[in-house]
Amino acid sequence: MNNKDFLLVIKSAFEKYRVTSSRSNEKLRILHSAIAIDIEQRLNSFSDGYEVFSLAKTKDEGSKNEEKEITGRYMNKKVDIVVAKNDEYVAGF
């Protein structure tokens, strides 16, 4: 995703924010989906086997469409975007 595409995503998220409440996560679904898809495409251009999970991926609605819980230093945490390689979580955002 280039800068122009990302600005369009931000615009779309802002428009969703304007028609929903400030507490709604609908605006975040738009942003997180675009970010997750971009990360997955970039990672897989270097090495196969990466999966990116997010609350709302738009390209392939299905099993990847959810938050994941990752192990933290002091406690587990649900995160909005998780990167996995070989079925092991390697990063969370």
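Look up: the structure comes first, before these words.
Keep in mind it's a predicted model, so treat the numbers as computed, not measured.

**Student:** I would appreciate a short explanation of the sheet that holds strand S1 (residues 50–54) in the present structure.
**Tutor:** In any sheet, the strands associate via hydrogen bonds between backbone groups, in a parallel or an antiparallel arrangement. Taken in spatial order, the three strands line up as S1-S4-S5 in an open sheet, and their pairing is antiparallel. Whereas interior strands pair on both sides, the edge strands pair on one side only; in this sheet they are S1 and strand S5 (88–92). Between one strand axis and the next, the sheet turns through 30 degrees on average, direction left out of account. As paired strands, S1 and strand S4 (residues 81–85) are joined by five bridges and run antiparallel to one another. Bridge assignment links Tyr50 to a residue of S4, and that residue is Lys85. Relative to S1, helix H2 (residues 26–46) is tilted by about 175 degrees, and along the sheet it contacts S1 and S4.

**Student:** Any chance you could explain a nonpolar patch on the surface here in plain terms?
**Tutor:** The grouping of Met1, Phe6, Leu7 and Ile10 at the surface amounts to a nonpolar patch, some 320 Å² of accessible area in total. Looking at the secondary structure, you find Ile10 in helix H1 (residues 3–19). Relative accessible area serves as the criterion here: at 36%, Ile10 is assigned to the partly exposed category.

**Student:** I'm lost on the packing of aromatic side chains in this one. Help?
**Tutor:** Inspection of every chain in the model, using the stated rule, returns two aromatic pairs. Judged by centre distance (6.3 Å) and plane angle (70 degrees), the ring pair of Phe53 and Tyr89 falls under edge-to-face. Residue Phe53 is found in strand S1, and its partner Tyr89 is found in strand S5; the two are separated by 36 residues along the sequence. Accessibility expressed as a relative area gives 10% for Phe53, which makes it buried. Overall, Tyr89 belongs to the partly exposed group, its relative accessible area being 35%. Seen from the ring of Phe53, Lys68 lies directly overhead, with NZ or CZ sitting 4.6 Å from the centre.

**Student:** Got a minute to help me understand the side chain of Lys85 in this structure?
**Tutor:** Along the polypeptide, Lys85 turns up in strand S4. Here Lys85 occupies a buried position and makes no salt bridge, while the nearest side chain of opposite charge, Asp48, is found at 7.7 Å. With residues near it in sequence (within four places) discarded, Lys85 still touches Ser47, Asp48, Gly49, Tyr50 and Val90.

Calculation criteria
- Residues numbered from 1 in each chain as written.
- Predicted model: local features only at pLDDT ≥ 70, side-chain atom pairs only at ≥ 80, totals over all residues.
- Heavy atoms only, no water.
- Pairing = 2+ DSSP bridges.
- Helix = DSSP H or I, 4+ residues; strand = E, 2+ residues; numbered from the N terminus.
- Axes fitted to C-alpha atoms, helices over the stretch in contact; angles between N-to-C directions.
- Contact = heavy atoms within 4.5 Å.
- Patch = residues over 30% accessible without salt bridge, like charges linked within 9 Å, V, L, I, M, F, W, Y side chains within 5 Å.
- Areas by Shrake-Rupley, 256 points an atom, 1.4 Å probe, with all protein chains shown as cover.
- Salt bridge = Lys/Arg side-chain N within 4 Å of Asp/Glu carboxyl O.
- Buried < 20%, exposed > 50% of the residue type's maximum accessible area, 1.4 Å probe, protein only.
- Phe/Tyr/Trp six-rings, centres within 6.5 Å; stacked < 30°, edge-to-face > 60°.
- Lys NZ or Arg CZ within 6 Å of the ring centre and 35° of its normal.
- Lys, Arg positive; Asp, Glu negative; His and termini not counted.

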